[in-house]
Amino acid sequence: MVVVIGFIRKTLRTPWTLADLDTNTAYAGIGYSIKKRPNGKTEVVLGCSHIYNAQGQGLRYKLSKVDHLQFDKKKNPYLNFEEAYKFGMDILNLFQCAMDKLPQRVVIHKRTPFREEEIEGITNALKQAGITKIDLITITQEYNIKFIAQRISNRQLTSDWYPIDRGTCIKLSGRNALLWTHGVVPSIKENRRYYQGGRCIPSPLKITKYYGHGDLATIAKEIIGFTKMNWNSFNLYTKLPATIDTSNTLAQIGNLLRDYNGITYDYRYFI
């Protein structure tokens, strides 16, 4: 069945789309791949996945090398102002070429914290085009948090012996929330529930909003939606949204290529 999906996409068709997300919002993901070269130098490849709207239209990938390496205290790479500004301009240029218009809102996902230089560079580039609705979101996996479902029986709270429902979201603050993208969903069989993989207690994703005014309910809904947008898989969903899942994979592929810097790829080449 994956072959069928790959064939559909390679013929420039769309296997499936999301129904309820804003079509005027551009979504992008940032992924990094770090590699030690034989000469001892460290090279960082930046992989960007541009999923332009909920229908998956205008999907493009771009690989580029980070020339000015910077690392935080946890050795996570991040962009300086100039590279972040260029990344913001890339989003605008690619969106304009693919959709013949500019988005009204831009959402960017990545797995590492946004530094001040990154925030200023990206937002300055987008605001120059008149885009003020910008959400910069970090998504991490919280492996140490484990919940199981509870139910009320005879006025007592007891264990349900099932994992928590997929889509459960707990707001921690105005900028943080826990979101379960992996969990129990309704089964196609009557009065049954389905849990992908069938074992282990799922861990949530932690959503951290570093910039923007988007409400966490909308941001969580978008992330849940994009866990169903990996056209390279016939699973019901992936644990990470396609914005991050594909950008990280793309960056890893980039480290295997000799000549990739600044090249934009259509998604169908990776199916």
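Residues numbered from 1 in each chain as written. Predicted model: local features only at pLDDT ≥ 70, side-chain atom pairs only at ≥ 80, totals over all residues. Heavy atoms only, no water.

What am I meant to see in the packing of aromatic side chains here?
Working definition: an aromatic ring pair is given by the centre-to-centre distance plus the angle between the planes. Per the counting criterion, the structure on display carries four aromatic pairs. Seen in terms of ring centroids, Phe-114 and Tyr-210 are 6.1 Å apart; in terms of plane orientation they differ by 50 degrees. Their pairing is tilted. On the criterion of sequence distance, the pair formed by Phe-114 in the loop between β4 (105–110) and α3 (116–128) and Tyr-210 in strand β12 (residues 205–211) is long-range, its members being 96 residues apart. What makes Phe-114 buried here is its relative accessible area of 4%. (Phe/Tyr/Trp six-rings, centres within 6.5 Å; stacked < 30°, edge-to-face > 60°. Helix = DSSP H or I, 4+ residues; strand = E, 2+ residues; numbered from the N terminus. Buried < 20%, exposed > 50% of the residue type's maximum accessible area, 1.4 Å probe, protein only.)

Please explain the side chain of Lys-209 as it appears in this structure.
Relative to the assigned elements, Lys-209 resides in strand β12. In this structure the side chain of Lys-209 is engaged in a polar contact, spanning 2.7 Å, whose partner is the backbone oxygen of Gly-214. If near-sequence neighbours (up to four positions away) are discounted, Lys-209 is found in contact with Asp-135, Leu-136, Ile-137, Gly-174, Arg-175, Gly-214 and Ile-219. (Polar contact = N/O pair within 3.5 Å; in protein donor to acceptor, adjacent residues only side chain to side chain. Contact = heavy atoms within 4.5 Å.)

Before we go on, may I ask you to explain the environment of Ala-84 in this structure?
Residue position: Ala-84 is located in helix α2 (residues 81–99). Looking at Ala-84, the relative accessible area reads 0%, which means it is buried. Spatially, the C-alpha atom of Ala-84 lies 9.3 Å from that of Asn-124, the residues being 40 residues apart in sequence.

For this particular structure, what's the right way to read the side chain of Thr-123?
Within the secondary structure, Thr-123 is located in helix α3. Relative accessible area serves as the criterion here: at 5%, Thr-123 is assigned to the buried category. Of note is the side chain of Thr-123, whose polar atom sits 2.6 Å from the backbone oxygen of Ile-119. What Thr-123 contacts, discounting residues up to four positions off in sequence, is Ile-134, Leu-136 and Tyr-211.

How do you make sense of the packing of α2 against α3 when you look at a structure like this?
How two helices sit against one another is set out by the angle between their axes and by the gap between those axes. At a closest axis distance of 7 Å, the pairing of α2 and α3 adopts a crossing angle of 35 degrees. Handedness of the α2/α3 crossing: right-handed. From α2, Phe-81, Ala-84, Tyr-85, Phe-87, Gly-88, Met-89 and Leu-92 reach across to α3, where they touch Glu-117, Glu-118, Glu-120, Gly-121, Ile-122, Asn-124, Ala-125, Leu-126 and Gln-128. Residue composition of the contact of α2 with α3, by class: nine nonpolar, four polar and three charged. (Axes fitted to C-alpha atoms, helices over the stretch in contact; angles between N-to-C directions. Left-handed = near helix turned anticlockwise from the far one by under 90°. Nonpolar A, V, L, I, M, F, W, Y, C, P; charged D, E, K, R; others polar.)

Help me understand α2, please; the structure alone is not making it clear to me.
One full turn of an α-helix is made of 3.6 residues, so residues set three or four places apart face in the same direction. Look at α2: 27 Å from first C-alpha to last across 19 residues, which is about the 27 Å you get at 1.5 Å a residue. Buried within α2 we find Glu-83, Ala-84, Phe-87, Gly-88, Asp-90, Ile-91, Leu-92, Leu-94, Phe-95 and Met-99. Just downstream of α2, Asp-100 is the residue with a positive phi angle, here 60 degrees. (Expected span 1.5 Å × (residues − 1).)

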